[in-house]
Amino acid sequence: MSNIFAVANQKGGVGKTTTCVNLAASLVASKRRVLLIDLDPQGNATMGSGIDKSELQLSSYDVLASELPPNKAIVPTSSGYDLMPANGDLSAAEVELLEMDGREARLRRALRYLDGGHDYIVVDCPPSLNMLTVNALCAAHGVLIPMQCEYYALEGLSALVDTITQIQRAANPELRIEGILRTMYDPRNSLTNDVSEQLSEYFGERLYRTCIPRNVRLAEAPSFGVPALEYDRHSKGAIAYLALAGEMTRRHAANPSTTNSGPGQG
Ligand code: ADP
Ligand code: MG
């Protein structure tokens, strides 16, 4: 049974894609079978996984818009995880979906056609609470929210939490917050510490203990089309994402009900 989670935050540049690619590689390093779904028309997770978005035959667009069986669009990556890639075609889906029946559940229905060969399915969302993100949230068991510890980050978080609540009510009652991840973390900054404390008060256990530091290797690796683990496995960034994968899998082992049969597996 796959555990499906969406990596979402409507703010751009908070580390969603970096988290998807590096967490996917780190889960593979812990012997988990992983599928990364790129649901952002920018295709950054695709390029960051070493797949050229301008040369895709099939992509997540075809799965969402034309009901292509997902395994037809999935390709292997050099880092050991599978990828359902995306490119600019997907921005058409965002519009086309609005006209379709069951428009918010297209991804969820598509994932039922997978044979359960992945332990984890990670969905990289666009920087918006649009129909693509709604599809990810309807298909997922959990939402992983990366955020930078700055003042306005908390403001944006309440809009996302409201959206999650609405989706729980309307379409996916099992959806939970998988965890809040502090990214580009700088403990020397006092605002960081204040925001961090507020997050801890509000989200308690759901705030990951692992923080991802600001690390130039994480920013450089995508231009080589690999996760930091492959680019520089001793870098602070690569090590932090390994720690995150460890924290996540330990949580799931301690609480198997969070890795249940869920909406995506119907
Ligand atoms: P999003 O997907 O939320 O828009 P990205 O993951 O693309 O955000 O990150 C935005 C930019 O910040 C990218 O250039 C990325 O390489 C860089 N970045 C992300 N996380 C880190 C980090 N921990 N340290 C340094 N740079 C980072
Ligand atoms: Mg992104």
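Residues numbered from 1 in each chain as written. Chains lettered and ligands numbered in written order. Predicted model: local features only at pLDDT ≥ 70, side-chain atom pairs only at ≥ 80, totals over all residues.

A. Here's a closer look at the overall build of the chain. In terms of helices and strands, the chain carries twelve helices and eight strands. Relative to the 2.2 N^0.38 estimate, which gives 18 Å for 266 residues, the radius of gyration of the chain is 17 Å and therefore close to what a compact globule would have. Taken along the three principal axes of its C-alpha coordinates, the chain extends 50 × 40 × 35 Å. Counting only contacts in the chain whose residues sit at least 6 apart along the sequence, the fraction spanning at least 24 positions is 79%. (Helix = DSSP H or I, 4+ residues; strand = E, 2+ residues; numbered from the N terminus. Rg over C-alpha atoms; globule rule 2.2 N^0.38 Å. Contact = placed C-beta atoms within 7 Å.)

B. Structural context of the sheet that holds strand E8 (residues 207–213). An order of E3-E4-E2-E5-E1-E6-E7-E8 is seen for the eight strands of this open sheet, with the pairing classed as mixed. Taken across any chain shown, the strands that pair with only one partner, and hence form the sheet edges, are strand E3 (75–76) and E8. With two bridges joining them, E3 and strand E4 (residues 82–84) adopt antiparallel strand pairing. By the bridge assignment, Pro76 is partnered in E4 with Asp82. Across the sheet, helix H8 (residues 151–170) touches strand E6 (142–148) and strand E7 (176–185), and the angle it forms with E6 is around 170°. (Pairing = 2+ DSSP bridges. Axes fitted to C-alpha atoms, helices over the stretch in contact; angles between N-to-C directions.)

C. Examining the site of ligand 1 more closely. With respect to spatial proximity, 18 residues lie near ligand 1, and among them Gly15, Lys16, Thr17, Thr18 and Ala219 are the closest. Going through the elements one at a time, helix H1 (16–29), E7 and helix H10 (216–220) are the ones with two or more residues in the shell around ligand 1. If you tally residues by element for the shell around ligand 1, the top one is H1, at three residues. Looking at the shell around ligand 1, its residues break down into seven nonpolar, nine polar and two charged. (Near = placed C-beta within 6 Å. Nonpolar A, V, L, I, M, F, W, Y, C, P; charged D, E, K, R; others polar.)

D. Spotlight on unusual backbone geometry. Although it is not a glycine, Lys31 adopts a positive phi angle of roughly 65°. As for its position among the elements, Lys31 is in the loop between H1 and strand E2 (34–38). Of note in this structure, Met184 is not a glycine but carries a positive phi near 45°. As for its placement among the helices and strands, Met184 is situated in strand E7.

E. The arrangement of the pairing of strand E5 (residues 120–124) in detail. Counting buried residues along E5, five of its five residues qualify, which places the element largely inside the surrounding structure. Along E5, one buried face is formed by Tyr120, Val122 and Asp124 and the opposite face, lined by Ile121 and Val123, is buried too. Relative to E5, strand E1 (residues 3–7) is paired through five bridges, and the arrangement is parallel. Paired with Asn3 across the bridge in E5 is Tyr120. (Buried ≥ 20, exposed ≤ 12 C-beta atoms within 10 Å, placed from the backbone.)

F. Region of interest: the environment of Pro227. With respect to the helices and strands, the residue Pro227 is situated in the loop between H10 and helix H11 (228–231). With near-sequence residues (within four places) excluded, Pro227 lies in contact with Val21, Asn22, Ala25, Ser79 and Ala221.

G. Representation of helix H12 (residues 236–254) within the structure. In this model, H12 (19 residues) spans 27 Å end to end at C-alpha, consistent with the 27 Å of a helix rising 1.5 Å per residue. Restricting attention to buried positions, one finds in H12 the residues Gly237, Ala238, Ala240, Tyr241, Leu242, Leu244, Ala245 and Met248. Packed against the buried residues of H12 are H1, E7, E8, H10 and H11. (Expected span 1.5 Å × (residues − 1).)

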